[in-house]
Amino acid sequence: MRHTFFGGVCPASHKNLTRKKPIAPLDVIPELVTIPLRASADEMAVPLVQPGDQVQVGQPIARVEKSGLTIHASLSGQVESVQDCPHPWGGLCPALVIRGDGKDTPWPERPAPLTADQVNLSTLLDRVNEAGIVGMGGGAHSTADKLRRAEGKITYIILNAAECEPYVSVDHRLLLEHADQLLLCTQVLSRCLRANRVAVVTLGDKLNAAEMIEKRVQLHSGTTKVYTLRTRYPLGSEKQIIQTVTGQELGQGSGPLDAGCLVLNVGTVYAISQALFEGKALTHRAVTISGGAVTRPRNLWVPIGTPLSHLLAECGQLKDGAAQLLSGGVMAGRPVEDLNTPVCKDTNCFIALSDEERKDGLETACIRCGKCAASCPMHLVPTFIVKALRQEDTAYLKKLHVEDCISCGCCSFVCPANIPLVELIHKAGEAIENGGVK
Ligand code: SF4
Ligand code: SF4
């Protein structure tokens, strides 16, 4: 029997807009890319190039001094400037701007492809770090660091193909289009990190991919098992997927290694396979552009740093009428206000919602229905947190485990009073970090 997790919601998937659309290269190479110097969630890189330098696709252009995590050019052309640019996480971030020459010339010094037998722990970690790979499912933490910490401590490698965010279908497409490469890569990871089992976790809304992976697994290895689960959000979150596979609920302060698990998103494993078996750095990624306000929703293979405006042009622009733009999804994503916002390594989608799809009605008073608490997979009581925040009751706020919030958005989704619970919970978290509510 499959284990399950507390809470969660079942939003309409809207994946039919793109799930049958293969990941396509851009029709037109962007004129400019803006590549943020934020190398991972907690590391800034230092430029290796300066304005006026010529670069080629895959050439290192910035590096984190301590860890060696590298950022690469995603276009061939000339470095134009280093300047602040909007970031999909909000705010501004220093970035390298490259003006493309339209040729997409690859960097001639890129590493040679390896065979699976040539990969050992040391080559794996070096390649992943040199290729600039970070968690592509939203975390953006250094993948080499994550692998290094997992070596010898895990039973399971979990290939996270849940992709439970509505509208998004890039992981579904990667499974369908690159199943053999993904499975080979998980076997190499399993050997190098000394894990005993590989679990591929996907949902019932990707049955064609699940069936195909099942057939391939029979050819590849007996240590891999495919779990096809009932669609429920946020099954793709790390703690929820671990609980679903192993039955272990991770308490406060514990992480995946405490359950003997390493969870890797499909996009991340595909990037690792490209680094190992093709010698390619992480310069491009798959992005879903979808939503009722997009003329022609698509899945695209996109150079890192491509602005949202260019992607909308590739999709026939927005339909007439107001659109709400989001990066990262409608449940856990963030609003995008600037069309110059670029694709970063962890940007899996841009969503443009039509007026009919938006859920931003007028806020009314809490009716104490308890739906926010019933839906919270982390066992929090969002209505209590918001009440304590608004009453500036820091002492009570500190008892409500705000730090456990995974920003999944379930509470906001179910609230009949349209209270922006996630935003307020973020504020509560910041207030606690800064010493109290003022
Ligand atoms: S409080 Fe946080 S973890 Fe709980 S439902 Fe809301 S966003 Fe998700
Ligand atoms: S879901 Fe909204 S209305 Fe219901 S208890 Fe929570 S905050 Fe109040």
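Parameters at a glance
- Residues numbered from 1 in each chain as written.
- Chains lettered and ligands numbered in written order.
- Predicted model: local features only at pLDDT ≥ 70, side-chain atom pairs only at ≥ 80, totals over all residues.
- Pairing = 2+ DSSP bridges.
- Helix = DSSP H or I, 4+ residues; strand = E, 2+ residues; numbered from the N terminus.
- Axes fitted to C-alpha atoms, helices over the stretch in contact; angles between N-to-C directions.
- Contact = placed C-beta atoms within 7 Å.
- Near = placed C-beta within 6 Å.
- Nonpolar A, V, L, I, M, F, W, Y, C, P; charged D, E, K, R; others polar.
- Domains from an automatic or database assignment.
- Buried ≥ 20, exposed ≤ 12 C-beta atoms within 10 Å, placed from the backbone.
- Core = buried A, V, L, I, M, F, W, Y, C linked by C-beta atoms within 7 Å.
- Parallel < 35°, antiparallel > 145°, perpendicular 65-115°, else oblique.
- Left-handed = near helix turned anticlockwise from the far one by under 90°.

(A) How the structure looks around the sheet that holds strand β13 (residues 224-229). Spatially, the 4 strands line up as an open sheet ordered β13-β12-β11-β14, and their pairing is parallel. This sheet does not close on itself; its edge strands, each paired only once, are β13 and β14 (261-265). Strand-to-strand, the axes of this sheet are offset by a mean angle of 20 degrees, without reference to chain direction. Here 6 bridges tie strand β11 (residues 156-161) to strand β12 (residues 197-203), and the two strands are oriented parallel to one another. Looking at the pairing, Ile158 lines up with Ala199 of β12. Taken strand by strand, helix α4 (residues 179-193) contacts β11, β12, β13 and β14, and its axis lies near 155 degrees from that of β11.

(B) Layout of the pairing of strand β17 (residues 324-327). Note that β17 and strand β19 (residues 349-353) share 4 bridges and pair antiparallel. Bridge pairing in β19 links Leu326 to Ile351. Where β17 and strand β18 (residues 334-335) come together, 2 bridges link them in antiparallel fashion. Its bridge partner lying in β18, Leu326 is registered against Pro335. Counting the residues between successive antiparallel strands, the hairpin from β17 to β18 contains 6 residues, one of them, Gly328, with a positive phi of roughly 90 degrees.

(C) Structural context of the site of ligand 1. Neighbouring ligand 1 are 15 residues, the closest being Cys376, Cys405, Cys408, Cys410 and Cys411. Looking at the shell around ligand 1 element by element, the count peaks at 3 residues for helix α13 (residues 421-433). Here the shell around ligand 1 is composed, by residue class, of 12 nonpolar, 3 polar and no charged.

(D) Geometry of the domain arrangement of the protein. In terms of domain boundaries, the protein breaks down into domain 1 (116-277) and domain 2 (371-433). The C-alpha-based centres of domain 1 and domain 2 are spaced at 30 Å. The partner domain 2 presents 6 residues to the 5 residues of domain 1 that form the contact.

(E) Expanded view of the site of ligand 2. Taken together, 14 residues surround ligand 2, and among them Cys366, Cys369, Cys372, Thr383 and Cys415 come closest. Secondary-structure elements contributing two or more residues to the shell around ligand 2 are α9 (371-375) and α10 (382-390). Its residues assigned to classes, the shell around ligand 2 comprises 10 nonpolar, 2 polar and 2 charged.

(F) Molecular detail of the environment of Asn348. Within the secondary structure, Asn348 is located in the loop between β18 and β19. On the basis of neighbour count, Asn348 is assigned to the buried category, with 25 C-beta atoms found within 10 Å. Separated by 177 residues in the primary sequence, Asn348 and Asp171 have C-alpha atoms spaced 8.8 Å apart. Contacts of Asn348, omitting those with residues within four sequence positions, involve Gly137, Val168, Val170, Gly267, Val287, Thr288 and Gly328.

(G) Representation of the nonpolar core. Judged by nonpolar contacts, the single largest core of 123 residues is most densely connected at Ile157, Ile158, Leu159, Val287 and Ile385. If one sorts the elements of this core by residue count, helix α7 (residues 266-277) sits on top with 7 residues. Mapped onto the domain boundaries, this core takes at least three residues apiece from domain 1 (116-277) and domain 2 (371-433). Contacts of Leu159, omitting those with residues within four sequence positions, involve Leu182, Thr186, Val198, Val200, Val201, Leu264, Val266 and Val269.

(H) Geometry of the packing of α10 against α13. Running from N to C, α10 and α13 point in directions that differ by 55 degrees, and their axes come no closer than 9 Å. Compared by their axis directions, α10 and α13 come out oblique. By crossing handedness, the relation of α10 to α13 is classed as left-handed. Judged by residue contacts, Pro382, Ile385, Val386 and Leu389 of α10 engage Leu421, Leu424, Ile425, Lys427, Ala428 and Ala431 from α13. Here the contact of α10 with α13 is composed, by residue class, of 9 nonpolar, no polar and 1 charged.

(I) Structural view of helix α6 (residues 238-246). In terms of burial, α6 is largely enclosed, as 8 of its 9 residues are buried. All of the buried residues along α6 are Glu238, Lys239, Gln240, Ile241, Ile242, Gln243, Thr244 and Val245. In this fold, the buried residues of α6 make contact with β11, β12, β13 and β14. Phi turns positive one or two residues past the end of α6, at Gly247, with a value near 85 degrees.

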